[in-house]
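Report on the structure
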Amino acid sequence: MTEAAFTLLVQGVLDYGIFMLDPQGHIISWNAGAERIKGYRAEDIVGQHFSVFYPPEDQTAGKPQWELETAVADGRLEDEGWRVRKDGSRFWANVVITALWDEKGVLRGFGKVTRDMSERRAAQHALSERRRLFDHLVQAQETERRRIAWDVHDDSIQAMVAVGMRLELLAERVPETYAAELQRLDASVREAIGRLRTLTFRLHPPGIDKHGLVEALSSHLDDVVGSSWGMPYSFEHHLDREPTPETAVTIFRIVQEALLNVHKHARGSRVDVRVASADGGIVTRVADDGTGAPISQDGARDHFGIMEMRERAETAGGWWSVHSRPGTGTTVEFWLPNPLPIPPSAPTDDAA
């Protein structure tokens, strides 16, 4: 490519502001992308110092000069921060400054490439805000579940245990004709207590807060699927790191609901659960070998649990699907993003 052709190429680029500075930082060339991004025509800006693009606080702090000095020392500098257009409005920019030397090692100036990243930053901000809202929602739901579980355990269950003890005492003191009926009532109370204890476990399973997702799922499979239901199962896990508490709770809840559907509807002989890191998140699969009765993706087969699973996954920014074929079983699969935890002192949008 000839020098003239290269110059035409640079001048015609619209997505990047590409221009040159002299060794002191004054603008000596200007392309169409720079005009589009910053709002200056070439005749308005050539000859001015490039610090005009920086907010007043950066100018006061000496940031433009520091960037040139860093580019000289390191050969290149890349930075993201606020920049100022001709009309005074700010935009978020990615900037690369490259020191240019001649064959004798003399600094001839700088090449500067600017890209407007405002849309990307706005999308990242919206995603971050959605995640914060999701985290708060999960925390609020789990707090309420925990409160209800404690209330049921400390109030309802304890009251029913006391009733059962009174029924036992009465059965010992009344005539035989009444004792049998009291024993049946006592058995009914004990069954109700058992159901309430199962409910409290579902509301707030022990261990997930302290021990993480894998151990919580392993304990749930062992205690509920294996011991209580008597169903063989397998559990495979390949996580490159522990998910955030909110993500872990969401995965656990969806798996919990999927397993309950297997127990109630699948009429299968085993279930297989797998969790693994994939595509920046965690993909989870719950597969049974049951009847494989057709289930629509929107949960039309009057399954509130189906809709709840899908909504949990989608609210977390992921996806959920179910595959079912008669005679081959049903597979519930979903993916949730697994972002790094948000630092308590995360910078605000006004940070430059």
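Up top is the structure these notes are about.
Residues numbered from 1 in each chain as written. Predicted model: local features only at pLDDT ≥ 70, side-chain atom pairs only at ≥ 80, totals over all residues. Heavy atoms only, no water.

Digging into the environment of Met165
Worth spelling out the cut-off: Secondary structure elements are taken from DSSP: a helix is a run of H or I of four residues or more, a strand is a run of E of two residues or more, and numbering for both begins at the N terminus. Under the scheme applied here, a residue whose accessible area is under 20% of the maximum for its type counts as buried, over 50% as exposed, and between as partly exposed, the area being computed with a 1.4 Å probe on protein chains only.
Secondary-structure assignment places Met165 in helix H6 (residues 118-173). Judged by its relative accessible area of 54%, Met165 is exposed.

Remarks on helix H9 (residues 213-228)
Heads up, the rule is: Working definition for bend: take the seven residues up to and ending at a residue and the seven starting at it, fit an axis to each, and measure the angle between the axes.
At Leu221, H9 shows its strongest bend, of approximately 30°. Positive phi appears at Gly230, one or two residues downstream of H9, with a value of about 65°.

Observations concerning helix H5 (residues 63-74)
To keep it simple, the criterion reads: Helix span is expected to be 1.5 Å times the residue number reduced by one. Working note: the arc is built from the helix axis to C-beta atom directions. The contact criterion used throughout is that any non-hydrogen atoms of two residues lie within 4.5 Å.
Counted at 1.5 Å a residue, the expected span for H5 with its 12 residues is 16 Å, and the 16 Å between its end C-alpha atoms agrees. Three or more residues of H5 are buried, namely Lys63, Pro64, Glu67, Leu68, Thr70 and Ala71. Along the axis of H5, the buried residues cluster in a sector spanning 160°; they form a single face. Of the surrounding secondary structure, the elements contacted by the buried residues of H5 are strand S1 (17-21), helix H4 (56-60), strand S2 (76-84), strand S3 (90-101) and strand S4 (107-116).

Examining the packing of aromatic side chains
The test is simple: Only the six-membered ring of Trp is used, alongside the rings of Phe and Tyr, when aromatic pairs are assigned; centres must lie within 6.5 Å, and planes under 30 degrees apart are stacked while those over 60 apart are edge-to-face, with the rest tilted. Remark: a charge is flagged as sitting over a ring if the NZ atom of Lys or the CZ atom of Arg is within 6 Å of the ring centre and within 35 degrees of the ring normal.
Following the criterion strictly, the structure yields six aromatic pairs and no others. Taking 5.7 Å as the distance between ring centres and 20° as the angle between the ring planes, the aromatic pair formed by Trp30 and Phe53 counts as stacked. In this pair, Trp30 sits in the loop between S1 and helix H2 (32-38) while Phe53 sits in the loop between helix H3 (42-45) and H4, placing the two residues 23 residues apart along the sequence. Residues Trp30 and Phe53 agree in their burial class; the two are buried. Ring centres 5.0 Å apart and planes at 85° place the aromatic pair Trp82 and Trp92 in the edge-to-face group. With a gap of 10 residues between them, Trp82 in strand S2 and Trp92 in strand S3 connect regions that are remote in the sequence. The buried category is assigned to Trp82, whose relative accessible area is 17%. Taken together, the ring pairs connect Phe19, Trp30, Tyr40 and Phe53 into an aromatic cluster. Across from the ring centre of Phe53, 4.1 Å away, lies the NZ or CZ of Lys38, which sits over that ring. Its end group placed over the ring of Trp92, Arg121 keeps NZ or CZ at 3.8 Å from the ring centre.

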